[in-house]
Amino acid sequence: MGLTFEMLGISKSYIGNQVLRNCSFTFPAGGSSTVMGPNGCGKSTLFRIAALLEEPDQGEVRYRRGITPLAPDMNLRRQITMVFPRVGVFNRSVFANVAYGLKIRGDNRKLRQERVTEVLSQVGLAHKAHQQATTLSSGETMRLGMARALVLDPEVLFLDEPTAHIDQANTEIIEACIHQIQQERALTLFIITHDPTQARRLGGQRLLLKEGHLTVWEG
C-alpha cells in the first residue's frame, strides 16, 4: 500500500536565503506526486527533507502506515529509497551493481538472481546485465539507478529529476518505467522535475514550488 508522509510547516534557509516557507502537504500512500519548479527554487532541498536526509529549520515530516505514526528510525529509512540525477556506479557488471543492496541486506543468491533479473527487465537493461556499468550511457545509468532502487522493494520512492541531461530516447524509456511503477507497484512515488510538460505526462498529483511556497498546480 505504501506509506503516507506529511510535510507540516517546513521552512529552510541557507546563509540567510529562505528557500522553503511554511510548506505543508500530504502525500498519500500509494499515490504519485510530481513537484515542479525552475532550477534553484528549492526542489532538491524539499526532496532531501521529505526523504529524512536533512532537517528543516522549522516544521516536521511525519510518516505513517494507515493511522499509525512511524518513528524516523532505521526501519523506516529502509523503506525509503532515492534516485538522484547523478548516479554513482561500481566498476562491476550492471547485474552486480543492482544486486549489491540485496547482498548487503543478506538476501540469498537465488532471491537476488530473481529480483535483479525482474527489475533489469522492467527498466530495459536485461540485455546489458553482464556489461560493465561504467560503460553505460547517461540515460542507461539513470535506469540502472532506478533498478537499484526498485530491487529493494521500497514503500516510498523519490526520483530527483530522473531525465535531466538525458536524450529523448532514454527519457521516453524512463517515463514508461515510471508509468509501469505507478501501475504495478504499491508504493508512494515522489518525483521532482523542472519540466511542466513532463509533469503532465507523468500524471498523479502535481505541485508547484515557487518562492518557497508549495501549492497545487492546475496547469
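Our subject is the structure that appears above.
Owing to the predicted nature of the structure, the values given are computational and were not obtained by experimental measurement.

Attention now goes to the packing of aromatic side chains. Under the criterion given, the structure shown has eleven aromatic pairs. Geometrically, the ring pair formed by Phe158 and Phe190 is tilted, given 5.1 Å between the ring centres and 50° between the ring planes. Taken as a pair, Phe158 in strand 7 (residues 156-160) and Phe190 in strand 8 (residues 188-193) lie far apart in primary sequence, 32 residues in all. No difference in accessibility class separates Phe158 from Phe190, as the two residues are buried. Put simply, the rings of Phe5, Phe25, Phe27, Phe47, Tyr63, Phe84, Phe158 and Phe190 pair up and form one aromatic cluster.

Inspection of the secondary structure puts Glu175 in helix 6 (residues 168-184). The sequence separation of Glu175 and Pro162 amounts to 13 residues, and the corresponding C-alpha distance is 8.7 Å. Here the side chain of Glu175 touches Gln198 through a polar contact of 2.8 Å, side chain to side chain.

Once that is clear, we can look at the sheet that holds strand 10 (residues 213-216). Strand order in this open sheet of six strands is 6-7-8-3-9-10, and the pairing throughout is mixed. The sheet is open, and its two edges are formed by strand 6 (80-83) and strand 10, each paired on a single side. Looking at each pair of strands side by side, their axes are set apart by 20° on average, direction ignored. Bridge count for strand 3 (residues 32-36) against strand 8 is five bridges, and the pairing is parallel. Bridging across to strand 8, Thr34 finds its partner in Ile191. Set on the sheet, helix 5 (residues 138-150) makes contact with strand 6 and strand 7; between it and strand 6 the angle comes to about 175°. Packing of helix 6 onto the sheet brings it into contact with strand 3, strand 7 and strand 8, and relative to strand 8 it is tilted by some 155°.

Thresholds applied
Residues numbered from 1 in each chain as written. Predicted model: local features only at pLDDT ≥ 70, side-chain atom pairs only at ≥ 80, totals over all residues. Heavy atoms only, no water. Phe/Tyr/Trp six-rings, centres within 6.5 Å; stacked < 30°, edge-to-face > 60°. Helix = DSSP H or I, 4+ residues; strand = E, 2+ residues; numbered from the N terminus. Buried < 20%, exposed > 50% of the residue type's maximum accessible area, 1.4 Å probe, protein only. Polar contact = N/O pair within 3.5 Å; in protein donor to acceptor, adjacent residues only side chain to side chain. Pairing = 2+ DSSP bridges. Axes fitted to C-alpha atoms, helices over the stretch in contact; angles between N-to-C directions. Contact = heavy atoms within 4.5 Å.

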